[in-house]
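# Chain and residue survey
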Amino acid sequence: MNVRIASDWKEILQPEFDKPYFDNLIKFVKEEYAARRIYPRGSNIFRAFDKCPLDRLKVVIIGQDPYHGEGQANGLCFSVNDGIPFPPSLRNIFTEINHDTGAPIPSSGNLDRWAEQGVLLLNAVLTVREHEAASHAGHGWETFTDAVVRAIADNKDGLVYMLWGRYAQNKGAIVDPSRNLILKSAHPSPLSAYNGFFGCRHFSQANDYLVAHGKTPIQW
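Residues numbered from 1 in each chain as written. Predicted model: local features only at pLDDT ≥ 70, side-chain atom pairs only at ≥ 80, totals over all residues. Heavy atoms only, no water.

## Topic: the pairing of strand β3 (residues 119-123)
Counting buried residues along β3, 5 of its 5 residues qualify, which places the element largely inside the surrounding structure. The side-chain alternation of β3 yields two buried faces, one formed by V119, L121 and N123 and the other by L120 and L122. Alignment of strand β2 (residues 59-63) against β3, held across 5 bridges, turns out to be parallel. Paired with I62 across the two strands is L122, which belongs to β3. (Buried < 20%, exposed > 50% of the residue type's maximum accessible area, 1.4 Å probe, protein only. Helix = DSSP H or I, 4+ residues; strand = E, 2+ residues; numbered from the N terminus. Pairing = 2+ DSSP bridges.)

## Quick notes on the nonpolar core
Counting residues in each nonpolar core, the largest one holds 71 residues, and the members touching the most others are W9, F49, W114 and F144. For this core, the element with the most residues is helix α6 (residues 141-155), which contributes 7 residues. Each residue touching W9, except ones within four places of it in the same chain, is listed here: F49, C52, P53, L54, L57, L120, V148 and I152. (Core = buried A, V, L, I, M, F, W, Y, C linked by side-chain atoms within 4.5 Å. Contact = heavy atoms within 4.5 Å.)

## Some thoughts on the sheet that holds strand β6 (residues 181-185)
Spatially, the 4 strands line up as an open sheet ordered β3-β2-β5-β6, and their pairing is parallel. Two strands in the sheet have a free side with no partner beyond their single neighbour: β3 and β6. If you compare each strand with its neighbour and ignore which way they point, the axes differ by 20 degrees on average. Sitting on the sheet, α6 is in contact with β2, β3 and β5 (160-164), with an inclination near 155 degrees to β3. (Axes fitted to C-alpha atoms, helices over the stretch in contact; angles between N-to-C directions.)

## Some remarks on unusual backbone geometry
In this structure, the amide linkage connecting Y39 to the following residue, P40, adopts the cis form with an omega of -10 degrees. Within the secondary structure, P40 is located in the loop between β1 (38-39) and α3 (47-51). In this model, H131 sits at a positive phi of 60 degrees, which is unusual for a non-glycine residue. Mapped onto the secondary structure, H131 falls in the loop between β4 (128-129) and α6. Judged by relative accessible area, H131 falls into the exposed class, the value being 56%. The phi angle at A134 is positive, at roughly 65 degrees, despite the residue not being glycine. Structurally, A134 is set in the loop between β4 and α6.

Written out as structure tokens, the structure reads:
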């Protein structure tokens, strides 16, 4: 597959790329792309790592798997392409940012602008069949993205982790809270946003932490 990934990520993740499970995963993914409609497009599978190089990393946000509707997924969790209506979780994220920081609701749900400022928008599973949520779960992506989180935790301190919902919180459990800021809340999905996501003020807390550690805050 013709994918792009920042060189520093490629170097730190090369041990995973060389493991047998990863060979099996890529074989499965290639077969799926050949036989079905899969999102995101192949060149965007590792886009989260290309848009946010490791050396610029400030914030980690963990999602589950890509949007499975036509034109939505672009390789960054919670993000959609320009011109695509906001999915409910993304709409709730923007609402919380507005209430927390005063930033206006943007016209586009494309979160490239966050990634380029140092926000890793990492899905646990990086591919999905059209209209079949979690259809690529259990084939090796979770092992790979667990290794990503472990590599970050072993090599970078002073980061902000936004862990929304139990799934993300379990995936981020290996991160040392004494060396990073761990922000936990309910998931922004309409099913749970009113159980603690709204009012969490994660975005202002993240920026306060970054500034306190000599880093430029994120323009949310």
